[in-house]
Amino acid sequence: MSSPGDRGKNFMESSGSETPVTPSRYESQKRRDWNTFGQYLKNQRPPVPMSHCSCNHVLDFLRYLDQFGKTKVHVFGCMFYGQPEPPAPCTCPLRQAWGSLDALIGRLRAAYEENGGSPETNPFATGAIRVYLREVRECQAKARGIPYKKKKNKKPATEMSGGRDDFSSSSSSFNFS
């Protein structure tokens, strides 16, 4: 007998239609990212097997991706450094945006474990990666003149609204650190 969570799966299997299930956008992107990272390791001289991948390979990969970035990051000596909306173009480099790198690492971290890697050896989950992402976030925020402030955890909405069911005035925040 099937469990309630298997109903949809069993229905698809017994319906007679052989339509393949389309993966979600997230799953598709995770697979593309995983394949891209695997290709990056294969292109190293000498090629690096995934079992020998370390956080240093991941950091090199993130730096490599910067050349394909679309986010202008002003360098410290630029006259537009610290301005959120500079009035003219400059020669500062384009980089990967912090949010894109953070999301990429999240997908690769999940893909590593889904592909047989153990959480204890996950090179995408190391402290060095978290430090790198924090430095990128802070650097980009300073270059744009927008200080990054960590959001404080708020009290549950029921306490804030006095027990009412009106949640429209409250907002939720997540702490991913």
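Coordinates for the structure precede this section.
The rules behind these values
- Within every chain, residues take consecutive numbers counted from 1 along the sequence as written.
- Owing to the predicted nature of the model, reporting of local features is limited to residues with pLDDT of at least 70; listing and counting of side-chain atom pairs is limited to 80 or more, with chain, interface and lining totals taken over all residues.
- The basis for every side-chain value is the complete set of non-hydrogen atoms in the structure, without hydrogens or water.
- Salt bridges, as used here, are contacts in which a Lys or Arg side-chain nitrogen is within 4 Å of a carboxyl oxygen on Asp or Glu.
- Where helices and strands are cited, they refer to DSSP runs of H or I of at least four residues and of E of at least two residues respectively, numbered from the N terminus.
- Planes of paired rings set the category: under 30 degrees apart is stacked, over 60 is edge-to-face and the rest tilted, where pairs are Phe, Tyr or Trp rings (Trp by its six-membered ring) whose centres lie within 6.5 Å.
- Residue burial is assigned from relative accessible area. The probe radius is 1.4 Å, only protein chains are included, and a residue is buried under 20% of its type maximum, exposed over 50%, and partly exposed in between.
- Within 3.5 Å is the distance limit for a polar contact, defined as a pair of N or O atoms, with the added protein rule that one can donate a hydrogen and the other accept it, and that residues adjacent in sequence qualify only through two side-chain atoms.
- Any pair of residues with heavy atoms lying within 4.5 Å of one another is described as a contacting pair.
- Whenever a helix is involved, its axis is fitted only over the stretch in contact; in every case the axis is a line through C-alpha atoms, and angles between N-to-C directions fall within 0 to 180 degrees.
- For this classification, under 35 degrees means roughly parallel, over 145 means roughly antiparallel, 65 to 115 means roughly perpendicular, and everything else is oblique.
- By the convention adopted, Pro, Cys, Tyr, Trp, Phe, Met, Ile, Leu, Val and Ala count as nonpolar, Lys, Arg, Asp and Glu as charged, and the other residues, Gly among them, as polar.

Peer 1: Even after reading the chapter, I still don't get the pattern of salt bridges, so can you show me in this structure?
Peer 2: Side chains carrying opposite charge are able to pair once their charged atoms draw close together. According to the stated counting rule, one finds four salt bridges in the structure shown. Close ionic contact of glutamate 27 with lysine 30 constitutes a salt bridge, the shortest N to O distance being 3.2 Å. Taken together, the positions of glutamate 27 and lysine 30, both in helix H2 (residues 25-42) and three residues apart, correspond to about one turn of that helix. We note a salt bridge from glutamate 114 to lysine 30, for which the minimum N-O separation is 2.6 Å.

Peer 1: Please clarify how the packing of aromatic side chains should be interpreted in this entry.
Peer 2: The description of two aromatic rings rests on the distance between their centres and on the angle between their planes. Tallied over the full model, the rule gives ten aromatic pairs. What links up through ring pairs into an aromatic cluster is the set Trp34, Phe37, Tyr40, Phe61, Tyr64, Phe68, Tyr112 and Phe124.

Peer 1: Sorry if this is basic, but what is going on with the side chain of aspartate 33 here?
Peer 2: Tracing the backbone shows aspartate 33 in helix H2. A relative accessible area of 8% places aspartate 33 in the buried class. One polar contact links aspartate 33 to arginine 107, side chain to side chain, over a distance of 2.4 Å. Once residues lying within four places of it in the same chain are set aside, the contact partners of aspartate 33 are Leu104, Arg107 and Leu108.

Peer 1: What is the right way to look at the side chain of asparagine 122 in this model?
Peer 2: When you line up the elements, asparagine 122 lands in the loop between helix H4 (98-114) and helix H5 (127-144). Polar side-chain contacts of asparagine 122 include one of 3.1 Å to the backbone oxygen of arginine 109. Those residues in contact with asparagine 122 that lie beyond four places of it in its chain are Arg109, Tyr112 and Glu113.

Peer 1: Please explain the packing of H2 against helix H3 (residues 55-65) as it appears in this structure.
Peer 2: Geometrically, a packed helix pair is captured by the angle between its two axes and the distance between the axes. In the contact formed by H2 and H3, the axes pass within 11 Å of each other and the chain directions differ by 105 degrees. Judged by the angle between their axes, H2 and H3 are roughly perpendicular. Judged by residue contacts, Thr36, Phe37, Tyr40 and Leu41 of H2 engage His57, Val58, Asp60, Phe61 and Tyr64 from H3. Among the residues making up the contact of H2 with H3, the classes are represented as six nonpolar, two polar and one charged.

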